[in-house]
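If you want the building blocks of each chain, they are given just below.
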Amino acid sequence: MRVVFLGAPGVGKGTQAERIAAQCHVAKLSTGDLLREAVRNQTALGLEAKSYMDQGKLVPDAVVIGLVKEKLADPSCTKGFVLDGFPRTVPQAEALGSVLISKNMALDRVVNFQVSREDIVRRLSGRRSCQKCQATFHVDFAVPKVSGVCDRCGEPLVQRSDDRREAIEMRLKVYDEQTAPLVSYYQERKLLFQLEASGTVDAVFQHLSQELAPYQAT
Ligand code: AP5
């Protein structure tokens, strides 16, 4: 199964990518998680990416494309992958297409998550994340057992620096200008599935699992 999860910030791509990858035993590649890890480890890539991410802008294509190419070459991706947050620009989509052709592979589906702007702002402003294991919670919709503590690894939960209101506004603007054109890009290639993603996490997962069932290994 080779799928891309597309959609504005906060629509639930990461939450569902985690569940689908676990259910289908495929790799989850989240460029946001990879970049945040590089920032935490203060690598050269992380230092370059940080200022873009804090402002809610996209990290330059060349940096992100290099990162994804490296990860797709990993044996963990042989059985399939869910790409969460990549591609995000037309040049990134073209680079992904070339990499897959060179490996004799093709995408099965591109899922476009759709949620109202009002719900997106509510989801992002209430999100809390674990910096150690990347698990995601929400103050109203995915409440941890102990307030402010990760259920999975016990580390403190934090608010992402780009979940402040000004950064959210910038991320939505960047999405409209640079990522939304990918909807028609993949529609033209007959890969797009429009997912109404405003229901509960479980309801969205059920709908998504049904749609992706034909691509799961038996
Ligand atoms: P990234 O981490 O990819 O952020 P994003 O796309 O803005 O997506 P989010 O992680 O904010 O949201 P999501 O859709 O995954 O929602 P989630 O499941 O967490 O990227 C961050 C930055 O890195 C970018 O701004 C950019 O700078 C850089 N970057 C990354 N990729 C790049 C690329 N390809 N090119 C260039 N730069 C790149 O859910 C959100 C909240 O809602 C959570 O609290 C969750 O618990 C809750 N929730 C989820 N589903 C539901 C539901 N159904 N009902 C209620 N609540 C829900």
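As the structure is a computational prediction, the values presented were derived from the model and not from experiment.

## Considering the overall build of the chain
Per the secondary structure count, the chain includes 9 helices and 8 strands. For 218 residues, the compact-globule estimate of 2.2 N^0.38 gives 17 Å, and the C-alpha radius of gyration of the chain, at 17 Å, lies within 12% of that figure. In terms of principal-axis extent, the alpha carbons of the chain reach across some 45 × 40 × 35 Å. Across the 218 residues in the chain, those meeting the buried criterion constitute 46%. The contacts of the chain with a sequence gap of at least 6 include a subset with a gap of at least 24, amounting to 70%. For the chain, the exposed surface amounts to about 11100 Å²; the carbon and sulfur share of it is 51%. Taken together, the 29 basic and 26 acidic charged side chains of the chain have centroids lying 2 Å from each other.

## Considering the sheet that holds strand 1 (residues 2-6)
As summarised here, the arrangement of the 5 strands in space is 2-3-1-4-8, forming an open sheet in which the pairing is parallel. Every other strand in the sheet has two partners, leaving strand 2 (27-30) and strand 8 (192-196) as the edge strands with one partner each. Taking each pair of neighbouring strands and ignoring which way they run, the sheet shows an average axis angle of 20 degrees. In the sheet, strand 4 (residues 109-114) pairs with strand 8 via 5 bridges, with the strands oriented parallel. Among the inter-strand pairings, Asn-112 is bridged to a residue of strand 8, identified as Gln-194. Here helix 2 (residues 31-40) sits on the sheet in contact with strand 2 and strand 3 (81-84), set at roughly 65 degrees to strand 2.

The rules behind each value
Residues numbered from 1 in each chain as written. Predicted model: local features only at pLDDT ≥ 70, side-chain atom pairs only at ≥ 80, totals over all residues. Heavy atoms only, no water. Helix = DSSP H or I, 4+ residues; strand = E, 2+ residues; numbered from the N terminus. Rg over C-alpha atoms; globule rule 2.2 N^0.38 Å. Buried < 20%, exposed > 50% of the residue type's maximum accessible area, 1.4 Å probe, protein only. Contact = heavy atoms within 4.5 Å. Areas by Shrake-Rupley, 256 points an atom, 1.4 Å probe, with all protein chains shown as cover. Lys, Arg positive; Asp, Glu negative; His and termini not counted. Charge placed at Lys NZ, Arg CZ, Asp CG, Glu CD. Pairing = 2+ DSSP bridges. Axes fitted to C-alpha atoms, helices over the stretch in contact; angles between N-to-C directions.

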